[in-house]
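Coordinates in review
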Amino acid sequence: MPKKLPERETSVMAEVKLRPAVRGDLPRLTEIYNYYVVNTPITFDLKPLTVHQRARWFDEHAGKGRHQMFVAEDAGRVVGYACTGPFRDKAAYDTSVETSIYCAHDAKGRGIGGMLYGALFDSLENEDIHRLLAGITIPNDASIKLHRRFGFTEVGVFSECGRKLGGYWDVVWMQRPLRLAAVP
């Protein structure tokens, strides 16, 4: 018997549509990201980026195969994205991908992040990926909770590795295998 979703989550799912990202999404993706650049330590970029500056990033993350990107739309407006991209540029790292997820600041707390990760990870199921990795600036309880919900475990903390907004910030690294073991 399928698991019954809470009424709130069911209504969010009815409103929000998930789809692969397209180049036309780039201005909105840049807008969502720049909010976090300007207002939070969550990303270590220090200055807002232009759509032109984000084009290479988009090309690295919104393809087929290991590197994919999904967006969430609410009433035709992109309200979040989740993607996988290269972890490092050496060939032995190819089967490890770094995950990233951002929701519009006015769309947080609606379950959209979980929907995005669910769609992304389902789409990656048959790809040649061994590990999913995520670096999260802390404190960020919501992101830690989301990653744990999807089977990520903490593997270490880089302390005070980024300086932004007048302080030094730690980054917790989390990982999980692409294919989680079945729970009996």
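A brief look at the structure comes next. (Residues numbered from 1 in each chain as written. Predicted model: local features only at pLDDT ≥ 70, side-chain atom pairs only at ≥ 80, totals over all residues. Heavy atoms only, no water.)

**Structural notes on the overall build of the protein**
For the protein, the count of helices and strands is five helices and seven strands. Helices (α) and strands (β) of the protein occur, in sequence order from the N terminus, as α-β-α-α-β-β-β-α-β-α-β-β. Since a compact globule built from 184 residues should have a radius of gyration of about 16 Å, the 16 Å found for the protein is in line with a globular shape. Seen along its three principal axes, the alpha-carbon backbone of the protein occupies a region of about 50 × 35 × 30 Å. Taking all 184 residues of the protein together, the buried fraction comes to 43%. When contacts within the protein are restricted to residue pairs at least 6 apart in sequence, those whose partners lie at least 24 apart make up 66%. About 10,700 Å² of surface is accessible on the protein, with carbon and sulfur atoms providing 54% of the total. Of the charged side chains in the protein, 25 are positive and 22 negative, and the gap between their average positions amounts to 1 Å. (Helix = DSSP H or I, 4+ residues; strand = E, 2+ residues; numbered from the N terminus. Rg over C-alpha atoms; globule rule 2.2 N^0.38 Å. Buried < 20%, exposed > 50% of the residue type's maximum accessible area, 1.4 Å probe, protein only. Contact = heavy atoms within 4.5 Å. Areas by Shrake-Rupley, 256 points an atom, 1.4 Å probe, with all protein chains shown as cover. Lys, Arg positive; Asp, Glu negative; His and termini not counted. Charge placed at Lys NZ, Arg CZ, Asp CG, Glu CD.)

**Some words on the packing of helix 4 (residues 112-124) against helix 5 (residues 141-149)**
At a minimum axis distance of 11 Å, the contact between helix 4 and helix 5 shows a crossing angle of 40 degrees. Crossing of helix 4 over helix 5 shows right-handed handedness. Contact with helix 4, carried on its side by Gly113, Gly114 and Tyr117, involves Leu146, His147 and Arg149 of helix 5 and no other residues of that element. Residue composition of the contact of helix 4 with helix 5, by class: two nonpolar, three polar and one charged. (Axes fitted to C-alpha atoms, helices over the stretch in contact; angles between N-to-C directions. Left-handed = near helix turned anticlockwise from the far one by under 90°. Nonpolar A, V, L, I, M, F, W, Y, C, P; charged D, E, K, R; others polar.)

**Side note on the pattern of salt bridges**
A complete count under the given rule lists eleven salt bridges for this structure. The shortest N-O distance in the salt bridge between arginine 148 and glutamate 154 comes to 2.3 Å. Residue classification places glutamate 154 among the partly exposed residues on the basis of a relative accessible area of 40%. (Salt bridge = Lys/Arg side-chain N within 4 Å of Asp/Glu carboxyl O.)

**Things to note about the environment of alanine 142**
Within the secondary structure layout, alanine 142 lies in helix 5. Residue classification places alanine 142 among the exposed residues on the basis of a relative accessible area of 59%. Between the C-alpha atom of alanine 142 and that of glycine 109, which follows or precedes it by 33 residues, the distance is 8.7 Å.

**A look at the packing of helix 2 (residues 26-39) against helix 3 (residues 51-61)**
One can describe the packing of helix 2 onto helix 3 by two numbers: an axis separation of 10 Å at closest approach and a directional angle of 100 degrees. The angle between helix 2 and helix 3 places the two elements in the roughly perpendicular class. Seen from helix 2, the contacting residues are Leu26, Pro27, Leu29, Thr30 and Tyr33; seen from helix 3, they are Val51, Arg54, Ala55, Trp57 and Phe58. Looking at the contact of helix 2 with helix 3 residue by residue, the classes come out as eight nonpolar, one polar and one charged. (Parallel < 35°, antiparallel > 145°, perpendicular 65-115°, else oblique.)

**Here we look at the layout of surface pockets**
As a volume, the largest pocket reaches approximately 1,400 Å³. Lining the largest pocket are 46 residues, with Ile42, Ser100, Ile101, Tyr102 and Ser143 positioned closest to its centre. (1 Å grid on protein atoms, 1.4 Å probe; cavity = no way out; pocket = protein on both sides within 12 Å on 5 of 7 lines; lining within 4 Å. Points joined across faces, edges and corners; volume = space filled by probe spheres on them.)

**With respect to the packing of aromatic side chains**
Tallying each qualifying case throughout the model produces 13 aromatic pairs. Between the aromatic rings of phenylalanine 121 and phenylalanine 152, the centroid separation amounts to 6.1 Å while the plane-to-plane angle is 45 degrees, which identifies the pairing as tilted. On the criterion of sequence distance, the pair formed by phenylalanine 121 in helix 4 and phenylalanine 152 in the loop between helix 5 and strand 6 (153-164) is long-range, its members being 31 residues apart. Residue classification places phenylalanine 121 among the buried residues on the basis of a relative accessible area of 4%. Each residue in the set Tyr33, Tyr35, Tyr36, Trp57, Tyr81 and Tyr102 is aromatic and connected to the rest through ring pairs, giving one cluster. Stacked on the ring of tyrosine 33, the Lys or Arg arginine 54 has its end atom at 3.9 Å from the ring centre. (Phe/Tyr/Trp six-rings, centres within 6.5 Å; stacked < 30°, edge-to-face > 60°. Lys NZ or Arg CZ within 6 Å of the ring centre and 35° of its normal.)

**As for helix 2**
Its 14 residues place the ends of helix 2 20 Å apart at the C-alpha level, agreeing with the 20 Å of an ideal helix rising 1.5 Å per residue. For helix 2, the complete set of buried residues consists of Leu26, Arg28, Leu29, Thr30, Ile32, Tyr33, Asn34, Tyr36 and Val37. Next to the buried residues of helix 2 lie helix 3, strand 2 (69-74), strand 3 (77-86), strand 4 (96-103) and strand 6. (Expected span 1.5 Å × (residues − 1).)

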